[in-house]
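What the coordinates show
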Amino acid sequence: MTSPGRIPFNDLSRMPTDLSAAIASAVAGVIESGWFVLGPNHAAFETEFAAYLGAREAVLVANGTDALELALAAVGVEAGDFVVTVANAGAYTSVATRLLGGVPVYCDIDPSTLLMSAETFEAAIAGLPIAPKAVVVTHLYGALAPTGAIAAVAARHGIRVVEDCAQSIGARAGERMGGLAGDIATTSFYPTKNLGALGDGGAVFTDDSSLAEAVRQMRQYGWTAKYRIGRAHGRNSRMDELQAAILRVKLPLLDAANERRRAIHTVYESAAPIGARLVNSSSPAFTAHLAVLTTEHRATAREALDAAGIGTDVHYPIADHRQAFPDFTPLPAELPVTDWATESVLSIPLFPELTDDEVARVRDAIDGL
Ligand SMILES: *Cc1c(COP(=O)(O)O)cnc(C)c1O
């Protein structure tokens, strides 16, 4: 009997051959055109991505962290301003906030969803000496947080709402796509995201044309016209034409890829482990970016899965309020649910190119946890 191979946590080299051929031809087209920055593919992808999302505007930038920084700057975050966010989502918002000289204020999470809720948000802002300028709602693991309820609290306090959709692109909030219940949303096209480039990329999307225009100016030196600097906080944060051309090939495949991810997650949901729980369940409001278990016995669970030949990861092993930021000391925060989640979460393989046999093996392995 041959022993079954290892199941990697993720494997981007499994790109289907018809997709890699389509990408190669798109890349050849860009090379022949001689137009490498802010060209026709870039313009077309902004239009196509906005249309897919049902947003008035999409603005491409260099990566998802720049998207967060520029979105926060667009809604008016300046040095010294407070930005509320969760501490269990990889610190991207903390990094973006610090780049503006802002101060992250951490909010605890709902123990069942591991997301911000209106209640945890309201509790976090209750004791603050000044009202925060913005809140960043992170749709972690691809599941939509209750942005409508959070935005209602934010509106009462004059707080702007940014949604981080880097893990949730394609998730539907009822009739509309997720990301449109706040002022502006951000995403990343990092290769492992559900809509991934072959390099870095990011975007903001919004129904507010003045916010979109602000990001368009900031991504290119703060120019209001060529060579004329008219907006603060300018820099170069452009996405290149090659990535835009590649993303134009991949965008029409996103819904099917998300459907495959959800189908895999549904198989995992059929397992009944005694000592672990899957955080999410499949629905149109969940892109199944990651399949995440919580378990009080994470180290043992990881060892058992490793012994079964299954790769795992932890998203994320250090909460933001426990990071040793070299240039900044987080405000003191009591985040018991966040601390528990940080010790308990375990991600198992979930990517569209897993074979059905591999999915069954992962399911059987988690069934035994
Ligand atoms: C990946 C990610 C980011 C950062 O995107 P980059 O393109 O890597 O800068 C931000 N937020 C979330 C939730 C992410 O998953």
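Structure first, text after, so check above.
Residues numbered from 1 in each chain as written. Predicted model: local features only at pLDDT ≥ 70, side-chain atom pairs only at ≥ 80, totals over all residues. Heavy atoms only, no water.

Around the ligand, the neighbouring residues are Asn 63, Gly 64, Thr 65, Tyr 92, Thr 138, Asp 164, Ala 166, Gln 167, Ser 188 and Lys 193. Take Gly 64: an N or O atom from its main chain is 2.8 Å from an oxygen atom of the ligand. Note that an oxygen atom of the ligand is positioned 2.6 Å from one of the side-chain N or O atoms of Thr 65. Protein contacts shield 93% of the accessible area of the ligand, which totals 390 Å² for the unbound molecule. Residue composition of the shell around the ligand, by class: two nonpolar, six polar and two charged. (Near = heavy atom within 4 Å. Polar contact = N/O pair within 3.5 Å; in protein donor to acceptor, adjacent residues only side chain to side chain. Areas by Shrake-Rupley, 256 points an atom, 1.4 Å probe, with all protein chains shown as cover. Nonpolar A, V, L, I, M, F, W, Y, C, P; charged D, E, K, R; others polar.)

This part is about empty space enclosed by the protein. Going through the model one piece at a time under the given rule, you end up with two cavities of 30 Å³ or more. Roughly 60 Å³ of internal volume is contained in the largest cavity. Thr 85, Val 86, Ala 89, Ala 91, Tyr 92, Thr 93, Ser 94, Thr 138, Asp 164 and Asp 320 together form the lining of the largest cavity. For the lining of the largest cavity, the secondary-structure elements that each account for two or more residues are β2 (82-86) and α4 (92-99). The element best represented in the lining of the largest cavity is α4, accounting for three residues. Residues belonging to the lining of the largest cavity are distributed by class as follows: four nonpolar, four polar and two charged. The space that makes up the second largest cavity amounts to roughly 30 Å³. Along the walls of the second largest cavity sit Asn 88, Tyr 141, His 315, Tyr 316, Ala 341, Thr 342 and Val 345, which together make up its complete lining. For the lining of the second largest cavity, the residue count by class is four nonpolar, three polar and no charged. (1 Å grid on protein atoms, 1.4 Å probe; cavity = no way out; pocket = protein on both sides within 12 Å on 5 of 7 lines; lining within 4 Å. Points joined across faces, edges and corners; volume = space filled by probe spheres on them. Helix = DSSP H or I, 4+ residues; strand = E, 2+ residues; numbered from the N terminus.)

This part is about the sheet that holds strand β14 (residues 345-348). The three strands are arranged β12-β13-β14 in an open sheet whose pairing can be described as antiparallel. What marks the edges here is a single partner per strand, and that holds for β12 (277-278) and β14. Pairing analysis gives two bridges linking β12 to strand β13 (residues 291-294), with the strands arranged antiparallel. In the strand pairing of β13, Leu 278 is matched with Leu 293. Across the face of the sheet, helix α11 (residues 336-344) comes into contact with β13 and β14 while running at roughly 40° to β14. (Pairing = 2+ DSSP bridges. Contact = heavy atoms within 4.5 Å. Axes fitted to C-alpha atoms, helices over the stretch in contact; angles between N-to-C directions.)

The topology assignment puts Thr 147 in helix α6 (residues 147-157). A residue is classified by how much of its surface remains accessible, and Thr 147, at 5% relative accessible area, is buried. Not counting the four nearest positions on each side in its chain, Thr 147 is found in contact with Val 137, His 139, Val 161, Glu 163, Ala 181 and Gly 182. (Buried < 20%, exposed > 50% of the residue type's maximum accessible area, 1.4 Å probe, protein only.)

Bringing the nonpolar core into the picture now. The tendency in soluble globular proteins is for nonpolar side chains to be buried as a group. Residues Met 116, Phe 121, Val 135, Tyr 268, Leu 305, Ile 348 and Ile 366 are the most contacted members of the largest nonpolar core, which totals 59 residues. The residues touching Ile 348, leaving out its near neighbours within four places in the chain, are Phe 9, Tyr 268, Ala 291, Leu 293, Leu 305, Gly 311, Thr 312, Val 362 and Ile 366. Val 61, Val 75, Leu 100 and Val 215 belong to the second-largest nonpolar core, a separate cluster that totals 24 residues. (Core = buried A, V, L, I, M, F, W, Y, C linked by side-chain atoms within 4.5 Å.)

This paragraph deals with the packing of aromatic side chains. If you walk through the whole model with that rule in mind, you get eight aromatic pairs. With a centroid separation of 5.3 Å and an interplanar angle of 20°, the aromatic rings of Phe 45 and Phe 49 are classed as stacked. Of this pair, Phe 45 and Phe 49 both sit in helix α2 (residues 40-53), four residues apart, roughly one helical turn. Summarising the burial analysis for this pair, Phe 45 and Phe 49 share the class buried. Summarising the aromatic geometry, the rings of Phe 49 and Phe 189 are spaced 5.4 Å apart at their centres and angled 65° between planes, so their arrangement reads as edge-to-face. Placement of Phe 49 in helix α2 and of Phe 189 in the loop between β8 (184-188) and β9 (202-206) is noted, with a sequence separation of 140 residues between them. Taken as a pair, Phe 49 and Phe 189 share a single burial class, namely buried. Among the aromatic residues, those joined into a cluster by ring pairs are Phe 45, Phe 49, Phe 189 and Phe 205. (Phe/Tyr/Trp six-rings, centres within 6.5 Å; stacked < 30°, edge-to-face > 60°.)

Right, let's get into the environment of Arg 216. Within the secondary structure, Arg 216 is located in helix α7 (residues 209-218). For the pair Arg 216 and Val 59, spaced 157 residues apart in the sequence, the C-alpha separation amounts to 6.5 Å. A polar contact of 2.8 Å, which involves the side chain of Arg 216, links it to the side chain of Glu 57.

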